[in-house]
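Chain and residue survey
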Amino acid sequence: MNITRFGRPMAAIAMAATAALALSSCAANEAAAPADVSTLEGTLVGAGASSQGSAQEAWIAAFQTANPGVTITYDPSGSGAGRETFIAGGSNFAGSDSYLKDEELALPFAACAAGTLPFEVPAYISPIAVIYNVDGVTDLNLDASTIAKIFSGAITNWNDAAIVALNPKAKLPDLAITAVHRSDDSGTTKNFSDYLFQTAKADWAIEKPADPFPFQTGEGAQGTSGVVDAVKNGTGTIGYADASKAGKLSVANIKVGDKFIKYTPEAAAAVVADGSVVEGRDASDMAIKIDRTTTDATHYPIVLVSYLIGCNEYAEAGVADLVKPYFEYILSEQGQADAAASAGSAPLDAATSKKALAIVSAIK
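Residues numbered from 1 in each chain as written. Predicted model: local features only at pLDDT ≥ 70, side-chain atom pairs only at ≥ 80, totals over all residues. Heavy atoms only, no water.

Details of the overall build of the protein chain
Under the convention used in this document: Only runs of H or I of at least four residues qualify as helices and only runs of E of at least two qualify as strands under DSSP, and these elements are numbered from the N terminus. What the globule rule says is 2.2 Å times the number of residues to the power 0.38, and the radius of gyration is computed from C-alpha atoms. Using a 1.4 Å probe on the protein chains alone, a residue whose accessible area is under 20% of its type maximum counts as buried, one over 50% counts as exposed, and one in between counts as partly exposed.
Within the protein chain one finds twelve helices and 16 strands. A compact globule built from 364 residues should have a C-alpha radius of gyration of about 21 Å, and the protein chain, at 22 Å, falls within 12% of that. Reported as C-alpha extents along the three principal axes, the dimensions of the protein chain are approximately 80 × 50 × 35 Å. For the protein chain, the proportion of its 364 residues judged to be buried stands at 55%.

Here it is, written out as structure tokens:
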């Protein structure tokens, strides 16, 4: 699987099929007539990963402009809540920063036809930034062990010897650390925890990464925006969030191999490209397992892959007729370029997009 950045193409797969109003004139005295007008109508309801929030806003705006008869809503309630809502039949699709668990796949999906499985395809790839707010500290180096100790509560002060050793030139204050984590079930948390589990297991003593934050330490905040606000409005704060939401907050450099690197969409894409498809899944399930132990400084290991989850066959007639073109647009070069422009994500490469599109195009 290879994932690279694309430039903006001339047209998207779905947008070409459901173009906005175009006017043509055959003669000076003839009235202009609409051509290729979209006839799609209906409402789609989605919920899930707040990391997808900015991208979903851009996707929805573009798709609704091209298809005025369609209304799409997306509630950035968090990955866990989004999957629960979809499983219960409260939405037509979900966005999730972690793929469906085996125990979830064993449940009946109320929105799907009886006896059928859901699909999940990658749609949004983004770095997870370690954001902080410490007066006088604008450049901060951290390694996996130190991050694990900060968020587990083993390191509680900014002038701790471990942080000083990584930042000998920084003026680190004698100030308590407030580590901010997601209070809701979050795929961002699972990916962040998975990075620490793989690279600093001795300092991140958990059974396995999961959507809930694993320790009763620090300060909890709801959603990506909640974490960002808590870090921005606090003193001596540190947190983790989708990089698109970091704004003007300071972002830590992460140690990879012998270097401290900043995140980029390309570096996030590179580590995902080295991942593998999770074994034992249905052919319509593109869940990806990421190896975060890389020592290649062109790879950024704290990254999330956010999925679109829907039904291979919907129980309600007509839903597939809306989900299919919307997801086809998202997975197209244009949709991926639109997400990159609005959220700084790393677009899918052609091969991955082609596989995901084949899955989406087959839904009914």
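Having seen it, we continue.
A few points about the pattern of salt bridges
Put simply, the rule reads: A pairing counts as a salt bridge when a side-chain nitrogen of Lys or Arg comes within 4 Å of a carboxyl oxygen of Asp or Glu.
In total, this model carries eight salt bridges according to the counting rule given. As a salt-bridge pair, glutamate 120 and arginine 281 come within 3.2 Å of each other at their nearest N and O atoms. One end of the pair, glutamate 120, is in strand β6 (residues 118-133); the other, arginine 281, is in the loop between β14 (276-277) and β15 (288-289), with 161 residues separating them in the sequence. One exposure class covers both glutamate 120 and arginine 281, and it is buried. Each of Asp102, Glu120, Arg281 and Asp285 takes part in salt bridges that share partners, so that together they form one network.

Side note on the side chain of arginine 292
Going by this rule: Any pair of N or O atoms that falls within 3.5 Å is considered a polar contact. Within protein, one atom must be able to donate a hydrogen and the other to accept it, and sequence-neighbouring residues count only if both atoms are side-chain atoms. In this analysis, two residues are considered to be in contact whenever any of their non-hydrogen atoms come within 4.5 Å of each other.
Position of arginine 292 relative to the elements: it lies in the loop between β15 and β16 (303-311). Classification of arginine 292 by relative accessible area gives buried; the value is 3%. Only 3.0 Å separates the side chain of arginine 292 from the backbone oxygen of proline 301, close enough to count as a polar contact. A distance of 2.9 Å separates the side chain of arginine 292 from the backbone oxygen of valine 303, its partner in a polar contact. Those residues in contact with arginine 292 that lie beyond four places of it in its chain are Asn191, Asp194, Tyr195, Gln198, Thr199, Pro301, Ile302 and Val303.

A look at the packing of aromatic side chains
Going by this rule: For Phe, Tyr and Trp, where Trp contributes only its six-membered ring, two rings pair if their centres lie within 6.5 Å, and the inter-plane angle classes them as stacked under 30 degrees, edge-to-face over 60, or tilted in between. Two limits define a charge over a ring: the Lys NZ or Arg CZ must be within 6 Å of the ring centre, and within 35 degrees of the ring normal.
Across all of its chains, the model carries 17 aromatic pairs by this definition. Here phenylalanine 151 and phenylalanine 192 contribute two aromatic rings whose centre-to-centre distance is 5.1 Å and whose plane-to-plane angle is 75°, an arrangement assigned as edge-to-face. Of the two residues, phenylalanine 151 is situated in helix α5 (residues 144-152) and phenylalanine 192 in helix α7 (residues 187-199); the sequence distance between them amounts to 41 residues. With a centroid separation of 6.2 Å and an interplanar angle of 70°, the aromatic rings of tyrosine 263 and tyrosine 300 are classed as edge-to-face. Placement of tyrosine 263 in the loop between β13 (259-261) and α9 (265-273) and of tyrosine 300 in the loop between β15 and β16 is noted, with a sequence separation of 37 residues between them. Tyrosine 263 gets classed as partly exposed once you look at its relative accessible area, which sits at 26%. Put simply, the rings of Phe63, Tyr74, Phe93, Phe119, Tyr326, Phe327 and Tyr329 pair up and form one aromatic cluster. Its end group placed over the ring of tyrosine 99, lysine 190 keeps NZ or CZ at 5.4 Å from the ring centre. A cation over an aromatic ring shows up here: lysine 201 above the ring of phenylalanine 197, its NZ or CZ 4.5 Å from the ring centre.

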